[in-house]
Amino acid sequence: PWRNDVVLLRDGPQARVTPIAQICAIEAEENYSRVHTADGAVSLVRRSLKSWAECLPESHFLQVHRAVIVNLSRITAYRRDASGGVELEVPPFPQ
């Protein structure tokens, strides 16, 4: 299943193989994206958010904002804010 799938995260001269299940959130940053993993690491990779959305399993990842995709299994809490929006907690992804 998808939990055994891995991605290669290239961050400058370094690269690491990361299980998809360890990805907590992905933030868009122009033509790049910041990948936040469960171990607290953040990798800036040359890949668009659209590209991530096309390859990640839809049953486990959701684009919650035009610039953020989250791993649904990594959400620890949610709450409504004063304007009626929803705030998600996806540690170690910063709020």
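The sections below set out a description of the structure shown in this document. Per chain, residues are indexed from 1 in the order of the written sequence. In keeping with the predicted nature of the model, local features appear solely for residues at pLDDT of at least 70, side-chain atom pairs appear and are counted solely at 80 or more, and the whole-chain, interface and lining totals rest on all residues. Side-chain metrics rest on all non-hydrogen atoms present in the structure, leaving aside hydrogens and water.

A look at the packing of aromatic side chains
Only rings of Phe, Tyr and Trp enter the pairing, Trp through its six-membered ring, and a pair is recorded when the two centres are within 6.5 Å. The plane angle decides the type: under 30 degrees is stacked, over 60 is edge-to-face, the rest tilted. With the rule as written, the count across this model stands at zero aromatic pairs. Remark: a charge is flagged as sitting over a ring if the NZ atom of Lys or the CZ atom of Arg is within 6 Å of the ring centre and within 35 degrees of the ring normal. Above the plane of the ring of Trp-52 lies Arg-47, whose end atom (NZ or CZ) is 4.3 Å from the centre.

A word on unusual backbone geometry
In the segment running from Pro-91 into Pro-92, the intervening peptide bond is cis, with an omega of 0 degrees. The numbering of helices and of strands both runs from the N terminus, where a helix is a DSSP run of H or I of at least 4 residues and a strand a run of E of at least 2. Turning to its location among the elements, Pro-92 is positioned in the segment after β9 (86-89). Within the chain, Glu-30 stands out as a residue other than glycine whose phi angle is a positive 55 degrees. By the element assignment, Glu-30 lies in the loop between β3 (23-29) and β4 (32-37).

Thoughts on the pairing of strand β6 (residues 61-65)
When DSSP locates at least two bridges between a pair of strands, those strands are taken to pair. Where β6 and strand β7 (residues 68-71) come together, four bridges link them in antiparallel fashion. The residue of β7 that forms the bridge with Gln-63 is Ile-69. Adjacent in sequence and paired antiparallel, β6 and β7 are bridged by two residues.

Let's talk about the sheet that holds β6
Pairing within the open sheet is antiparallel, and its five strands lie in the order β5-β4-β3-β7-β6. Among the strands making up the open sheet, the edge pair consists of β5 (42-45) and β6. Taking each pair of neighbouring strands and ignoring which way they run, the sheet shows an average axis angle of 20 degrees. Both β3 and β4 contribute to a ladder of six bridges, which runs antiparallel. From the neighbouring strand, Ile-26 faces β4, where its bridge partner is Val-35. To define axes, lines are fitted to C-alpha atoms, for helices over the stretch in contact only, and angles between the resulting N-to-C directions are given on a 0 to 180 degree scale.

Digging into a nonpolar patch on the surface
Every patch collects residues that have over 30% relative accessible area and no salt bridge, joining them within 9 Å if they carry like charges and within 5 Å if they are nonpolar side chains (Val, Leu, Ile, Met, Phe, Trp, Tyr). In this description, accessible areas are obtained by the Shrake-Rupley approach with a 1.4 Å probe, and a residue is regarded as covered only by the protein chains that are shown. We count a salt bridge whenever a side-chain nitrogen from Lys or Arg sits within 4 Å of a carboxyl oxygen from Asp or Glu. Taken together, the side chains of Val-6, Leu-8 and Val-17 present a nonpolar region at the surface, about 280 Å² in accessible area. With a 1.4 Å probe rolled over the protein chains alone, any residue whose accessible area is under 20% of its type maximum counts as buried; one over 50% counts as exposed, and the rest are partly exposed. Note on Leu-8: relative accessible area 45%, which makes it partly exposed.

Here we look at the side chain of Asn-71
Mapped onto the elements, Asn-71 comes out in strand β7. Given the relative accessible area of 0%, Asn-71 is considered buried. Here a polar contact means two N or O atoms within 3.5 Å. Within protein one must be a hydrogen donor candidate and the other an acceptor candidate, and residues neighboring in sequence count only if both atoms are side-chain atoms. Within polar-contact distance, the side chain of Asn-71 engages the backbone oxygen of Ile-23 at 2.9 Å. A distance of 2.8 Å separates the side chain of Asn-71 from the side chain of Ser-73, its partner in a polar contact.

Digging into the pairing of β7
Burial along β7 is two-sided: Val-68 and Val-70 facing one way and Ile-69 and Asn-71 facing the other are all buried. Sheet topology note: the β3/β7 ladder contains three bridges and is antiparallel. Opposite Glu-27, over in β7, you have Val-68 as the bridge partner.

Read these as layout, nothing more, since geometry by itself doesn't imply function.
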